[in-house]
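# Close look at the chain arrangement
The chain contents come next:
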Amino acid sequence: MIRVENGLYRSGDFTLTCDFEIAAGQFCAVLGPSGAGKSTLLSLLAGFENLNSGRIILDDIDVTSLSPDQRPVSMVFQDNNVFPHLTVAQNVGLGLSPSLRLSQDQVKVVEEALEHVQLSTLAQRRPGEISGGERQRVALARVLVRAKKILLLDEAFAALDPGLRQNLLERVVAIAKSRHLTVLTVTHQPAEVRAVADHVMFVAGGKVHAPVDTRKFFASKDGAIAAYLGRLEP
């Protein structure tokens, strides 16, 4: 569960207000014009940015003043942030221990995460020896081993080819359902949103709008939404 109560964020001339709730287990897309504050919203939830006022409640815990490592959140960025000198398995293992001193049980967790993203056969390769899509799967596996209940995707697959992007999104949906994860994904791909998201949150005009059912969003007659979607038919 994600809840933001009377949230206000200011940075220079930029202001973002938010007051919404997302039920546990939902897959919610975050749409809106470039620069509207979509990535800022995820950074606020993850703890990389702080509200000026208001509260953030995640899984019934008030995390407003907690650091990122204390929050029940994992985040995947467009830049997969894998380390070139480490193997695929070691990169994933960092999600459990920065020292990479893993117990046998933790090694098993890493192996299971690699199976989830179909990278088991590449476990001992280094990032320079695998494709961009495979590196992004490494980043995904690394957050999976952390076993957090909330997954934030900040345009995580935007740089990938459409087919691979769709494949990874479908894989995330399957994992989210099996683990009952709450997922927020920032994207600029309305067609993909239709395919995978239960709800949509629209960010525009300095405001994070409360989530609505995906079908209702694309059928909306709201002027700002229509302008954002352009000629896309509902």
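Look above for the structure.
In this report, we go over the structure that sits alongside the text. (Residues numbered from 1 in each chain as written. Predicted model: local features only at pLDDT ≥ 70, side-chain atom pairs only at ≥ 80, totals over all residues. Heavy atoms only, no water.)

All chains considered together, the criterion is met by five aromatic pairs. Centroid distance Phe202 to Phe217: 5.9 Å. Interplanar angle 50°. Geometry classified as tilted. Of this pair, Phe202 sits in strand β9 (residues 199–204) while Phe217 sits in helix α7 (residues 214–219), and the two are 15 residues apart along the sequence. When sorted by exposure, Phe202 lands in the same class as Phe217, which is buried. A ring pair is formed by Phe217 and Phe218, whose centres lie 5.2 Å apart and whose planes are at 85°; its orientation type is edge-to-face. Residue Phe217 is classed as buried on the basis of its relative accessible area, which comes to 2%. (Phe/Tyr/Trp six-rings, centres within 6.5 Å; stacked < 30°, edge-to-face > 60°. Helix = DSSP H or I, 4+ residues; strand = E, 2+ residues; numbered from the N terminus. Buried < 20%, exposed > 50% of the residue type's maximum accessible area, 1.4 Å probe, protein only.)

Attention shifts here to the pattern of salt bridges. Here the structure, examined in full by the defined rule, presents three salt bridges. Between Arg3 and Glu5 there is a salt bridge, and its shortest N-O distance comes to 2.9 Å. According to the relative accessible area criterion, Arg3 is partly exposed, its value standing at 23%. The partner of Glu5 in a salt bridge is Arg55, and the shortest N-O contact between them spans 2.8 Å. With Glu5 in strand β1 (residues 2–11) and Arg55 in strand β4 (residues 53–58), this residue pair connects regions lying 50 residues apart in the sequence. (Salt bridge = Lys/Arg side-chain N within 4 Å of Asp/Glu carboxyl O.)

Let us now look at empty space enclosed by the protein. Under the criterion given, the structure shown has one cavity of 30 Å³ or more. In this structure, the largest cavity occupies an estimated 50 Å³ of space. Lining the largest cavity are Ser74, Val143, Leu144, Ala147, Lys148, Ile150, Leu151, Arg179 and Leu181. Those elements that provide at least two residues to the lining of the largest cavity are α4 (132–144) and β7 (150–154). When its residues are assigned to classes, the lining of the largest cavity shows six nonpolar, one polar and two charged. (1 Å grid on protein atoms, 1.4 Å probe; cavity = no way out; pocket = protein on both sides within 12 Å on 5 of 7 lines; lining within 4 Å. Points joined across faces, edges and corners; volume = space filled by probe spheres on them. Nonpolar A, V, L, I, M, F, W, Y, C, P; charged D, E, K, R; others polar.)

Compared with an ideal rise of 1.5 Å per residue, which puts 13 residues at 18 Å, α4 spans 19 Å between its outermost C-alpha atoms and is within 8% of the ideal. Looking only at α4, the buried set comprises Gly133, Gln136, Arg137, Val138, Ala139, Leu140, Ala141, Arg142, Val143 and Leu144. Buried residues in α4 make contact with β6 (73–77), α2 (88–93), α3 (104–116), β7 and α5 (162–179). (Expected span 1.5 Å × (residues − 1). Contact = heavy atoms within 4.5 Å.)

To find leftover empty space, a probe the size of one water molecule is rolled over the atoms. Here the largest pocket defines a volume of roughly 410 Å³. Lining the largest pocket are 19 residues, and of these Met75, Phe77, Arg142, Val143 and Arg146 sit closest to its centre. Only β6 and α4 provide two or more residues apiece to the lining of the largest pocket. The element best represented in the lining of the largest pocket is β6, accounting for five residues. Looking at the lining of the largest pocket residue by residue, the class counts come to eleven nonpolar, four polar and four charged.

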